[in-house]
Amino acid sequence: MPKSKQRKHHHDQHKSGGSLEHAKKSRSAVTVAVIFCALLGMGSAYFASGVSALWLAIGAAVGALVGYFFGKQIDKSVSEK
């Protein structure tokens, strides 16, 4: 049976908190929401007007704008915990 006094004791290893905060800041719902809503805007513009490049661009821009505000609202509500 091993003797506990001769054994090497394990010490708790603490991770630095700086890298964890950086990982939280890099995650954002804004970019995902902008891309998703821009694609939805392009899809709705395609079904509404066909393959008109002008309306597809307008649909993507409106969708990206909506996605920006939607993503900002998600980030704000998550950070208020």
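A quick note: this is a predicted structure, and the numbers were derived from the prediction, not measured.

How each quantity is defined
Residues numbered from 1 in each chain as written. Predicted model: local features only at pLDDT ≥ 70, side-chain atom pairs only at ≥ 80, totals over all residues. Heavy atoms only, no water. Helix = DSSP H or I, 4+ residues; strand = E, 2+ residues; numbered from the N terminus. Buried < 20%, exposed > 50% of the residue type's maximum accessible area, 1.4 Å probe, protein only. Contact = heavy atoms within 4.5 Å. Areas by Shrake-Rupley, 256 points an atom, 1.4 Å probe, with all protein chains shown as cover. Expected span 1.5 Å × (residues − 1). Arc of directions from axis to C-beta. Patch = residues over 30% accessible without salt bridge, like charges linked within 9 Å, V, L, I, M, F, W, Y side chains within 5 Å. Salt bridge = Lys/Arg side-chain N within 4 Å of Asp/Glu carboxyl O.

> Describe the overall build of the protein chain, and please don't skip the residues or the numbers.
Each helix and strand counted, the protein chain has three helices and zero strands in total. In the protein chain, the succession of α and β elements from N to C terminus is α-α-α. Burial analysis of the protein chain (81 residues in total) assigns 16% to the buried set. Within the protein chain, residue pairs in contact and separated by at least 24 positions form 61% of the contacts whose partners lie at least 6 positions apart. Carbon and sulfur atoms provide 64% of the accessible area of the protein chain, an area that totals close to 7400 Å².

> Break down helix H2 (residues 29-49) for me, with residues and values.
Here H2 spans 30 Å end to end across 21 residues, near enough to the 30 Å set by a 1.5 Å rise per residue. For H2, the full list of buried residues reads Ala-29, Val-30, Ala-33, Cys-37, Ala-38, Gly-41 and Ala-45. The arc that holds the buried residues of H2, viewed along the axis, is 150°, so those residues lie on one side. Facing away from the buried surface of H2 by more than 90 degrees, the exposed residues are Thr-31, Val-32, Ile-35, Phe-36, Leu-39 and Phe-47. Buried residues along H2 sit against helix H3 (53-79). Directly beyond the C-terminal end of H2, a positive phi value near 90° is found at Gly-50.

> Run through a nonpolar patch on the surface, naming residues and quoting values.
A contiguous nonpolar surface patch, about 490 Å² in accessible area, is contributed by Leu-54, Trp-55, Ile-58, Val-62 and Val-66. Here Leu-54 is to be found in helix H3.

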